[in-house]
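Structural characterization, general
What follows is the residue order along each chain.
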Amino acid sequence: MKGINSINELKEVFKTNSTVWLLLYKNGSEQSDCAFANYQKVTAENSDVSLFYGNVAEVRDIHPEYGISSVPTLLKFEQGTVRKIIKGCHQAEQFKAMISENAFVSASKDENKPQKNVVVYTTPTCSWCTTVKRHLDANEVRYREINVAADAKAAEAMVKKSGQQGVPQTEINGQIVVGFDKTRINSLLGIN
């Protein structure tokens, strides 16, 4: 993981790396500090991936260039072109899944408790999706996250199941919950 200090330095990085991940954050902001700490954990395990960061309090020419108005924001560049924009603080496992482009699966403390089949359909810019995931994490519910913005077939399957395009959608043992309907989610999962 390496710091980027200007748009020109970033453009130089593009010349030698076909795929680049860049976390824009603001040091001292709770969400940004959370994102930076978790992003750092990912870099320790992914030395073969081009991971960079820029503090917008010091680097002022990158975020306007790409229309980024809030941080923390993770950008994926391919051949110097933005391909993904992921906002907010995520768990290290979620960042790792995004970077490796795998689905994220939450862990559960109680492995003996029978688990329900839970799938959360999300997009990177959806704040309610983050709320659903945090609620499931807080209640130690294992789930699989599918980013429908990155997977057109999964998006089609989601719409086919629910008749809705909006996210979040949570599938619990075949039952679909559109949005963050905490009461219904808790009822289906047996959360008191």
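Presented here is an overview of the structure given in this document.

The rules behind the values
- Residues numbered from 1 in each chain as written.
- Predicted model: local features only at pLDDT ≥ 70, side-chain atom pairs only at ≥ 80, totals over all residues.
- Heavy atoms only, no water.
- Disulfide = S-S within 2.5 Å.
- Helix = DSSP H or I, 4+ residues; strand = E, 2+ residues; numbered from the N terminus.
- Buried < 20%, exposed > 50% of the residue type's maximum accessible area, 1.4 Å probe, protein only.
- Contact = heavy atoms within 4.5 Å.
- Arc of directions from axis to C-beta.
- Salt bridge = Lys/Arg side-chain N within 4 Å of Asp/Glu carboxyl O.

1. Some thoughts on the state of the cysteines
As enumerated under the stated definition, the model contains 2 disulfides in all. The disulfide partner of Cys34 is Cys89, and the gap between their sulfur atoms is 1.7 Å. Across the S-S bond linking Cys34 and Cys89, the dihedral sits near -55°, which makes this disulfide left-handed. Note that Cys34 is positioned in helix H2 (residues 30–45) and Cys89 in the loop between strand S5 (81–87) and helix H4 (92–100), a separation of 55 residues in sequence. A residue is classified by how much of its surface remains accessible, and Cys34, at 30% relative accessible area, is partly exposed. The exposure class assigned to Cys89 is buried, which follows from its relative accessible area of 6%. Each disulfide pairs two cysteine sulfurs, and for Cys126 the partner residue is Cys129, the sulfurs being separated by 2.3 Å. The sign of the 90° torsion about the S-S bond sets the Cys126-Cys129 disulfide as right-handed.

2. Thoughts on the environment of Phe36
Among the structural elements, Phe36 can be located in helix H2. Setting aside its immediate chain neighbours within four residues, Phe36 contacts Met1, Leu23, Tyr25 and Tyr53.

3. Structural notes on helix H7 (residues 182–189)
The set of residues buried in H7 consists of Ile185, Asn186 and Leu189. Projected onto a plane normal to the axis of H7, the buried residues spread over an arc of 95° and lie on a single side. Seen from the buried face of H7, the exposed residues on the opposite side, beyond 90 degrees, are Thr183 and Ser187. Of the residues one or two after H7, Gly190 is the one with positive phi, at around 70°.

4. As for the pattern of salt bridges
Counting across every chain of the model gives 7 salt bridges. Among the salt bridges present, the one from Lys15 reaches Glu12, with a minimum N-O distance of 2.9 Å. On the criterion of helical spacing, the pair formed by Lys15 and Glu12 is a turn pair, its members being 3 residues apart in helix H1 (residues 7–16). A relative accessible area of 47% places Glu12 in the partly exposed class. One salt bridge connects Arg83 with Glu78, and the closest N-O pair in it is separated by 3.6 Å. The exposure class of Glu78 is partly exposed, given its relative accessible area of 27%. Shared partners join several salt bridges into a network, and the residues in it are Lys76, Glu78 and Arg83.

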